[in-house]
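Report on the structure
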Amino acid sequence: MSGSTIRPPAHRLVILLVVLLLALVGVVVRLSVLQVRESSSYAELGLAQRIRTEALPAQRGEILDRNGTPMAMTLDARDVYANPTLVSDPGDEAARIAPILGLRTKAVRAALASPGTFVYIERQVDPDVADRLAALRLPGIGFLTVPKRYYPAGPVAPQVLGFVNVDGLGITGLEREYDGSLAGTPGERTVELSAQGQEIAGAQQVVQPPTPGSDLQLTIDRDIQFQAQAYLRQAVIQNKAKGGTVIVMDPSTGDIYAMASYPWFDPNRFWSYDSQRYANRAVTDTWEPGSVNKTITAAAALETGRVSPTERFRVPATRDVSGFTIHDAEPHPVETMTLGDIIAQSSNVGASLVADKVGDAGMLDTFTRFGYGSPTGIAFPGEAAGIMPPGPWSDLTRATVSFGAGVAVTPLEMAAVYATIANGGTWVQPRLVDGTIGPDGRTVPMPPSPTRRVLRTSTAAEVTRMLAYVVQDGTGENAQIAGYQVAGKTGTAKKISAKGRYVNRYVASFVGFLPASRPRVVVATIIDEPKTVYGGIAAAPVFQEVARYVIQRLGIEPAPPVELPPHVMPIP
Amino acid sequence: MIVGVASMSALQVGSSLRSDALRGQLATLAEQQGELRREVATLSAPSRVMTWAHGKGMVMPDNVVILRVSPATAAEPGA
């Protein structure tokens, strides 16, 4: 048996070979599955681990005044964030971060000690502040570049402009109304990252650039707006009033030069004001207009032909209508008055007598044609429609509407009424936006405002003469401007309580235009709850100051005066 | 060939780094431009101008008179 070797049985070798072959086949099959069948999904998985897509915010369009001066612009800012898992000493870091950001140390410390891997410390920080913080090289603190809205003139036309939230979404005003065109379209950027999470230089990048938003060019003149606000604020303070509104408008185009409501707010710090101040009361709030409404009564009388300018009325100081007594502002003996006198002396009783002659149909038709009960259609969020009592009217309703009680309008609607008279009887829709300027620099003007004929030119001219008489010899003398003939009307209206009852609080107003024969500008001034009650005392001086500034600003030349209307009241 | 590929790759990385640097410079300049625009807009704000003017003793005029220069007058500069 020596020299003989023991050979393993052949079948074992065969088995081993088969096992090895099977293993090899298994490896090949698995490789094929991984490399061929499932390759795309694994490739995607790998890509997802090293690829990051980040949004590129679009530059929000600017809001410019009618002369191209920026009223709202977008700047770069930084969001400061922390990864709390990388913060080793929250107390120490908070003590260093808080004074730079102007935050409370306790709040910052709480954020740094919070669970999770991402927490905002402060948003929309100025870049120089962020740079000071970055220089500290604190572990776990990071920065994101974000856009921030900035209103360079501060509280100038804040209710008109509105503001955006921290995410850049328009919340109120024109920022909201035109958010679609201002916002633009965000882009995105895809980059490849290293295992440490840093961008790989030279690696593939896919960039979808953002499309910037369009700029919005307003009809507002920033300087007229500022000055109107200054005079309004001064009047509110002097009259110890609750608030006020001023509108300055071009009667022929409907362009709003200024629209102010006091009290206002600074849109750069909107969160620190009462939200009541955000409302653009010139558009969103209605009031019982009082005697400024008599202009429409006069227009209805002339337009329907029921009253002629020379017709005389016997006007007592009081009159009973359906059991209610209508008063004039001051007691007086029975006076003989023309329509012009009734308007100039602002007689409630006289206006009610005129309305009786016009009748319900004529009154309703004229008020409706002036747009009462409907919004003007100015593109602004939350525009109110006003309240117009539906017909048929009772005798009392007809009487009260004639002098502006029992109806409600927005200041803008009333400004549009006087613009219609100034414009020869044609109503022009007011507008705040002149056009848009696209990212390519191309200006797209807004179409001209819609118009409609409300009165005959002759009626508008006759009413203008009456309004000039109001300012020359009637209740509106405080609106006079040397060298210019002003046409306008005072209003004093009682306010209504939440229970629907008249209370001893008033709204004083004056709405007018100049020069009377060739009107270039309409100014509506409304003072809420002035101590000095009457429109001629509280509101007319604001008109005078605002209009005087507008004359300078727009270079309005004097025009020949219109003749006063037929009148029998003695001119002092 | 390997040397060629490596050289090309190095060149590409170099270009990419330069491109990143330029992008960063562009962002910095854009930020500076934004800051300057903000300054211009803030400095020309009417409230600031009015405060400055009041500080210099300027006031708003009471009455405004607009004078027109007739062409005949304008044509006689010596008059």
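Residues numbered from 1 in each chain as written. Chains lettered and ligands numbered in written order. Predicted model: local features only at pLDDT ≥ 70, side-chain atom pairs only at ≥ 80, totals over all residues.

A tally of helices and strands in chain B yields three helices and zero strands. From first element to last, N terminus to C terminus, chain B shows the α and β order α-α-α. (Helix = DSSP H or I, 4+ residues; strand = E, 2+ residues; numbered from the N terminus.)

Okay, the overall build of chain A next. Secondary structure summary: chain A contains 18 helices and 21 strands in total. The C-alpha atoms of chain A give 36 Å as radius of gyration, which overshoots the globular expectation for 572 residues (25 Å, by more than 25%). Taking the principal axes of the C-alpha coordinates as reference, chain A spans close to 160 × 50 × 50 Å. Put simply, chain A has 572 residues, and 46% of those count as buried. Contacts in chain A between residues at least 24 apart in sequence constitute 72% of all its contacts with a sequence separation of at least 6. (Rg over C-alpha atoms; globule rule 2.2 N^0.38 Å. Buried ≥ 20, exposed ≤ 12 C-beta atoms within 10 Å, placed from the backbone. Contact = placed C-beta atoms within 7 Å.)

What follows is about the interface of chain A and chain B. Chain A puts 22 residues into the contact, and the matching count from chain B is 18 residues. Of all elements in the fold, only β3 (70–82), α9 (222–238) and α18 (540–554) of chain A reach the threshold of two or more residues within the side of chain A that touches chain B. Among the elements that line the side of chain A that touches chain B, the one with the most residues is β3 of chain A, at four residues. Residue composition of the side of chain A that touches chain B, by class: 12 nonpolar, five polar and five charged. (Nonpolar A, V, L, I, M, F, W, Y, C, P; charged D, E, K, R; others polar.)

Residue and element names in this part refer to chain A. Membership of the largest hydrophobic core comes to 134 residues, with the highest contact counts inside it found for I247, V248, A258, A415, Y418 and V546. When sequence neighbours within four positions are dropped, the list of residues in contact with A415 reads I247, M249, V511, V522 and A524. Counting 15 residues, the second largest nonpolar core, distinct from the first, contains A77, V80, I121 and L138. (Core = buried A, V, L, I, M, F, W, Y, C linked by C-beta atoms within 7 Å.)

Residue and element names in this part refer to chain A. With 17 residues, α9 extends 24 Å from end C-alpha to end C-alpha; this agrees with the ideal 24 Å at 1.5 Å per step. Counting buried residues along α9, 12 of its 17 residues qualify, which places the element largely inside the surrounding structure. Among all positions of α9, only R222, D223, I224, Q225, F226, Q227, A228, Q229, Y231, L232, A235 and V236 are buried. Looking one or two places after α9, you find K240, whose phi comes out positive at around 50°. (Expected span 1.5 Å × (residues − 1).)

Okay, the packing of helix α11 (residues 294–304) of chain A against helix α16 (residues 457–473) of chain A next. Residues and elements named next belong to chain A. Packing of α11 against α16 brings their axes to within 10 Å, and their N-to-C directions diverge by 140°. When the axis of α11 is compared with that of α16, the two are oblique. Seen from above, α11 lies across α16 with right-handed handedness. Side by side, α11 and α16 meet where T295, A298, A299, L302 and E303 of the first sit next to T459, E462, V463, M466 and L467 of the second. When grouped by side-chain class, the residues that make up the contact of α11 with α16 number six nonpolar, two polar and two charged. (Axes fitted to C-alpha atoms, helices over the stretch in contact; angles between N-to-C directions. Parallel < 35°, antiparallel > 145°, perpendicular 65-115°, else oblique. Left-handed = near helix turned anticlockwise from the far one by under 90°.)

Residue and element names in this part refer to chain A. Cis geometry is adopted by the peptide bond preceding P392, which originates at G391 and carries an omega value of -5°. By secondary structure assignment, the location of P392 is in the loop between α13 (348–369) and α14 (395–402). Omega for the peptide link from L514 to P515 comes to -25°, which places this bond in the cis form. Here the phi dihedral of A157 falls at roughly 55°; this positive angle occurs in a residue that is not glycine.

Residues and elements named next belong to chain A. Pairing is antiparallel across the open sheet formed by three strands, whose spatial order is β1-β6-β7. Bordering the open sheet on either side are β1 (51–56) and β7 (206–208), each of which pairs with just one other strand. Each strand axis lies, on average, 15° off the axis of its neighbour in the sheet, ignoring direction. The sheet contact formed by strand β6 (residues 187–192) and β7 spans three bridges and is antiparallel. Each residue of the ladder has a partner; that of R189, found in β7, is V207. (Pairing = 2+ DSSP bridges.)

We now examine the packing of helix α3 (residues 90–101) of chain A against helix α4 (residues 105–112) of chain A. Residue and element names in this part refer to chain A. Between α3 and α4, the shortest axis-to-axis distance is 8 Å and the interhelical angle comes to 135°. Taken as axis vectors, α3 and α4 run oblique relative to one another. With respect to the hand of their crossing, α3 and α4 are arranged in right-handed fashion. Together, P90, G91, E93, A94, A95, I97 and A98 of α3 and T105, V108, R109 and L112 of α4 make up the contact between the two elements. Across the contact of α3 with α4, the residue classes break down as seven nonpolar, two polar and two charged.

Residues in a regular strand project their side chains so that they alternate between the two faces of the sheet. Residues and elements named next belong to chain A. Burial analysis of strand β19 (residues 487–496) places seven of its 10 residues in the buried class, which makes it a mostly covered element. Judged from the 10 bridges that link them, β19 and strand β20 (residues 502–514) form a sheet pairing that is antiparallel. Along β20, the bridge assignment pairs K489 with V511. As consecutive antiparallel partners, β19 and β20 are separated by five residues, and within that stretch G500 has a phi angle of approximately 85°, a positive value.

Here the focus is the confidence of the model for chain B. Averaged over every residue, the pLDDT of chain B is 81; residues scoring 70 or more account for 86%. The least confident element of chain B, judged by mean pLDDT, is helix α3 (residues 71–74) of chain B at 61; the most confident is helix α2 (residues 46–55) of chain B at 91. (pLDDT = per-residue confidence, 0-100.)

Our focus in this paragraph is the environment of V307 of chain A. Residues and elements named next belong to chain A. Along the polypeptide, V307 turns up in the loop between α11 and β11 (313–315). Exposure remark for V307: the 23 C-beta atoms within 10 Å place this residue in the buried category. Spatially, the C-alpha atoms of V307 and S458 are 14 Å apart, while their sequence positions differ by 151 residues. If we ignore the near neighbours within four places in the chain, the residues touching V307 are A301, L302, L339, V354 and K357.

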